Amino acid sequence: MNNDTFNLDKNQLIQRAFDQMEKSVQGTDYTLRQKLALTCRILFDNGHDSGLAGQITARTEQPGTFLTQRLGLGFDEISVGNLLLVDENLQVLEGEGMANPANRFHAWVYRARPEVHCIIHTHAVHTAALSMLEVPLEISHMDNCVLYDDVAFLSRWPGVPVGNEEGELIAAALGSKRTLLLAHHGLLVACSSIEEACLLALAFERAARMHLLAASAGKIQPIEPELGREAHDWILRAQRSAAAFAYYARRSLKQQHNADCLLE
């Protein structure tokens, strides 16, 4: 690799950085269950707590099944040992207790999007507050561009999402995007990996908070679409997601209340 970079244009420098990430940036070797449990704790520690509301699921290798948390436990109580394996009908195949009935719409999203392997739905407070305004989330800052042109908006609240009608509506509203703002409700993230889903859920709530802060001071100014898409693709790389997830996992595991997270 040429070490003289001062004559390279921006596209060449971006590709050079991507090549270096492939070789140098490391992720984690956590199991699927460990990643899911860690994500619950990370979300709790970063403002996504809403009692027993919200769900996280991850596909398993067995077709038509996914892991999720047990109804009755908060995100801060989820560990490897109390996760449930359920089928599309939310019948428990492994574990004790029951899944949240609202997981039904997850099955609809999985059916519509074969490439999706993890779904997160929370009522994080700034996202929930923004959802009450019935306006789309505005992405107008570099840090939030991981979501640029990747946020759908469902302007109609269908009520408690435990029916098949709600599942069809939510899956259709999400379309091909990774995230969705549900009016009078919360956020939905659907990604190809747990790491990516965790990071986009964190980014979504931060973006919602910034939206509310900026809108309270004046009119939010848009960024140039080309630059927004460039930043989106720059941030949304598997290596960056893996490294960032590893960071949040380390930070979470330093907290005493998360010491039981990885217990079987």
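Up top you'll find the structure we're talking about.
Residues numbered from 1 in each chain as written. Predicted model: local features only at pLDDT ≥ 70, side-chain atom pairs only at ≥ 80, totals over all residues. Heavy atoms only, no water.

1. A closer look at the overall build of the chain
Moving on, step 1. Within the chain, the regular secondary structure consists of eight helices and eight strands.
Moving on, step 2. For 264 residues, the compact-globule estimate of 2.2 N^0.38 gives 18 Å, and the chain sits close to it at 19 Å.
Moving on, step 3. If one aligns the C-alpha atoms of the chain with their principal axes, the spans along those axes are about 60 × 40 × 35 Å.
Moving on, step 4. The long-range fraction of contacts in the chain, counting pairs at least 24 apart against all pairs at least 6 apart in sequence, stands at 69%.
Moving on, step 5. Carbon and sulfur atoms provide 51% of the accessible area of the chain, an area that totals close to 13,100 Å².
Moving on, step 6. The centroid of the 23 positive side-chain charges in the chain is displaced by 3 Å from the centroid of its 32 negative side-chain charges. (Helix = DSSP H or I, 4+ residues; strand = E, 2+ residues; numbered from the N terminus. Rg over C-alpha atoms; globule rule 2.2 N^0.38 Å. Contact = heavy atoms within 4.5 Å. Areas by Shrake-Rupley, 256 points an atom, 1.4 Å probe, with all protein chains shown as cover. Lys, Arg positive; Asp, Glu negative; His and termini not counted. Charge placed at Lys NZ, Arg CZ, Asp CG, Glu CD.)

2. Here's the deal with the nonpolar core
Moving on, step 1. Ranked by internal contacts, the top residues of the largest apolar core, which has 45 residues, are Ile120, Leu137, Leu147 and Val189.
Moving on, step 2. Listed by contribution, the elements that provide at least two residues to this core are helix H2 (32-45), strand E1 (55-59), strand E5 (118-122), strand E8 (186-191), helix H6 (194-217) and helix H8 (238-253).
Moving on, step 3. Ranked by the residues each element gives to this core, the list is headed by H6, at 10 residues.
Moving on, step 4. Not counting residues within four places of it along the chain, the set of residues in contact with Val189 comprises Cys118, Ile119, Ile120, Arg178, Thr179, Ala197, Leu200 and Ala201.
Moving on, step 5. Counting 21 residues, the second-largest nonpolar core is a separate cluster that includes Leu90, Phe105, Ala107 and Tyr110. (Core = buried A, V, L, I, M, F, W, Y, C linked by side-chain atoms within 4.5 Å. Buried < 20%, exposed > 50% of the residue type's maximum accessible area, 1.4 Å probe, protein only.)

3. Overview of the pairing of E5
Moving on, step 1. Burial analysis of E5 places five of its five residues in the buried class, the great majority of the element.
Moving on, step 2. Of the two faces of E5, the one carrying Cys118, Ile120 and Thr122 and the one carrying Ile119 and His121 are both buried.
Moving on, step 3. Here five bridges tie E5 to E8, and the two strands are oriented antiparallel to one another. Paired with His121 across the two strands is Leu188, which belongs to E8. (Pairing = 2+ DSSP bridges.)

4. Digging into the environment of Arg250
Moving on, step 1. Along the chain, the position of Arg250 falls in helix H8.
Moving on, step 2. Among the residues examined, Arg250 registers a relative accessible area of 49% and is labelled partly exposed.
Moving on, step 3. Each C-alpha atom of the pair Arg250 and Gly163 lies 38 Å from the other, and the pair is 87 residues apart in sequence.

5. Overview of the packing of helix H3 (residues 104-112) against helix H5 (residues 164-174)
Moving on, step 1. Relative to each other, H3 and H5 sit at 45°, their axes nearing to 8 Å. Classified by the interaxial angle, the pair formed by H3 and H5 is oblique. Crossing angle aside, the handedness with which H3 passes H5 is right-handed. On H5, the residues that touch Arg104, Phe105, Trp108, Val109 and Ala112 of H3 are Asn164, Gly167, Glu168, Ile170, Ala171 and Leu174. (Axes fitted to C-alpha atoms, helices over the stretch in contact; angles between N-to-C directions. Parallel < 35°, antiparallel > 145°, perpendicular 65-115°, else oblique. Left-handed = near helix turned anticlockwise from the far one by under 90°.)

6. Focus: the packing of H2 against H8
Moving on, step 1. Taken N-terminus to C-terminus, the directions of H2 and H8 make an angle of 70°; their axes are 9 Å apart at the nearest point. As far as their axial angle goes, H8 and H2 are roughly perpendicular. Residues Lys35, Leu38, Thr39, Arg41, Ile42 and Asp45 of H2 lie in contact with H8, whose contacting residues are Phe245, Tyr248, Ala249, Ser252 and Leu253.
Moving on, step 2. Of the residues belonging to the contact of H2 with H8, the class tally is six nonpolar, two polar and three charged. (Nonpolar A, V, L, I, M, F, W, Y, C, P; charged D, E, K, R; others polar.)

7. So, unusual backbone geometry
Moving on, step 1. Positive phi, close to 65°, is recorded for Leu90, a residue that is not glycine.
Moving on, step 2. The residue Leu90 is located in the loop between strand E3 (84-87) and strand E4 (92-94) in this model.
Moving on, step 3. At Asp149, a position not held by glycine, the phi torsion is positive, near 55°.
Moving on, step 4. Examined against the element boundaries, Asp149 turns out to sit in the loop between helix H4 (125-131) and strand E6 (151-154).

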